[in-house]
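Coordinates in review
Here's the letter readout for the chains.
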Amino acid sequence: KVADGVLGEQPVRYIAVVTDAQNRFPRARNGEVGLLEGWGLAKAVDEAIARGDKRPIIAIVDVPSQAYGRREEALGIHQALAAAADSYARARLAGHPVIALLVGKAMSGAFLAHGYQANRLIALRDPGVMVHAMGKASAARVTLRSVEELEALAASVPPMAYDIDSYASLGLLWETLSVSQIEQPTPEDVAQVSDCLVSAIKDIASTDLSGRLGATNRAASSHVRQLLRE
């Protein structure tokens, strides 16, 4: 879904991947980012770039996964999702303020394709808002643990956790917001989020993502980058 609107007296483009019960690819009917979604995201962002007005792009993120399936792999889901990530990155580097608003799950390659290239990441504070490379059941299988064991491990290893506070400790979130009704937001909730989006757009001073590297739990990342430069 794509909508052009006005935010803080300037034109913006909102982009969201939504559930589609009639999707011709069955693995992409519950909000997953599949072939059509990847290419669709790329097209929506490229249209905004082509307008030449540097309008902000707001990615509304609630994606449970990329669409896993033999057909998706055979038909190049890696290329479709790469196209989406590339378009977001090109928009950011061309001077479009790109904001990702996390309102639900931000999982795996779906988040990398839709939202992760943003200048600023904003998340609503709610148990249903989660960020991770894998769903819990999948991560448990890969690590040969039960879900309960995985949750116990996540309590002491922030990158293994799913909750927003652990993700924020990695320095990747610009802001977290508490709203009163996340499923059916009140006018006050909408106004609060809109004000935060306006502030985020005004806060963007560069086209790179260097602002993500300052957190304590990213110290190793900063050290590796320093050694690579040397």
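Coordinates for the structure precede this section.
Residues numbered from 1 in each chain as written. Predicted model: local features only at pLDDT ≥ 70, side-chain atom pairs only at ≥ 80, totals over all residues. Heavy atoms only, no water.

Counting its secondary structure elements, the protein contains nine helices and seven strands. Whereas a compact globule of 230 residues would reach a radius of gyration of roughly 17 Å, the protein reaches 18 Å, a difference of no more than 12%. The proportion of buried residues among the 230 residues of the protein is 44%. Side-chain charges of the protein comprise 24 positive and 26 negative groups, with the mean position of each set lying 7 Å from the other. (Helix = DSSP H or I, 4+ residues; strand = E, 2+ residues; numbered from the N terminus. Rg over C-alpha atoms; globule rule 2.2 N^0.38 Å. Buried < 20%, exposed > 50% of the residue type's maximum accessible area, 1.4 Å probe, protein only. Lys, Arg positive; Asp, Glu negative; His and termini not counted. Charge placed at Lys NZ, Arg CZ, Asp CG, Glu CD.)

This part covers helix α3 (residues 77-93). Across its 17 residues, α3 extends 24 Å between first and last C-alpha, which sits within 8% of the 24 Å expected from 1.5 Å per residue. Tucked into the core, α3 has its buried residues touching β2 (10-16), α1 (35-51), β3 (57-63), α2 (70-74), β4 (98-107) and α4 (108-113). At the C-terminal side of α3, G95 shows a positive phi close to 105°. (Expected span 1.5 Å × (residues − 1). Contact = heavy atoms within 4.5 Å.)

This next bit is on the side chain of T186. Tracing the sequence through the fold places T186 in the loop between β7 (175-177) and α8 (187-203). Relative accessible area serves as the criterion here: at 17%, T186 is assigned to the buried category. Not counting residues within four places of it along the chain, the set of residues in contact with T186 comprises S180 and Q181.

Two numbers describe how α1 lies on α3: the axes approach to 8 Å, and their chain directions differ by 20°. The orientation of α1 with respect to α3, classified from their angle, is roughly parallel. With respect to the hand of their crossing, α1 and α3 are arranged in left-handed fashion. Listed contacts from α3 to L35, G38, W39, L41, A42, V45, D46 and I49 of α1 are I77, Q79, A80, L81, A83, A84, S87, Y88, R90 and A91. Its residues assigned to classes, the contact of α1 with α3 shows 13 nonpolar, three polar and two charged. (Axes fitted to C-alpha atoms, helices over the stretch in contact; angles between N-to-C directions. Parallel < 35°, antiparallel > 145°, perpendicular 65-115°, else oblique. Left-handed = near helix turned anticlockwise from the far one by under 90°. Nonpolar A, V, L, I, M, F, W, Y, C, P; charged D, E, K, R; others polar.)

This brings us to the pattern of salt bridges. Tallied over the full model, the rule gives ten salt bridges. One salt bridge connects R13 with D4, and the closest N-O pair in it is separated by 2.9 Å. Classification of R13 as buried rests on a relative accessible area of 4%. In this structure, R55 engages D4 in a salt bridge whose closest nitrogen and oxygen atoms are separated by 3.5 Å. (Salt bridge = Lys/Arg side-chain N within 4 Å of Asp/Glu carboxyl O.)

Read these as spatial facts, not as claims about activity.
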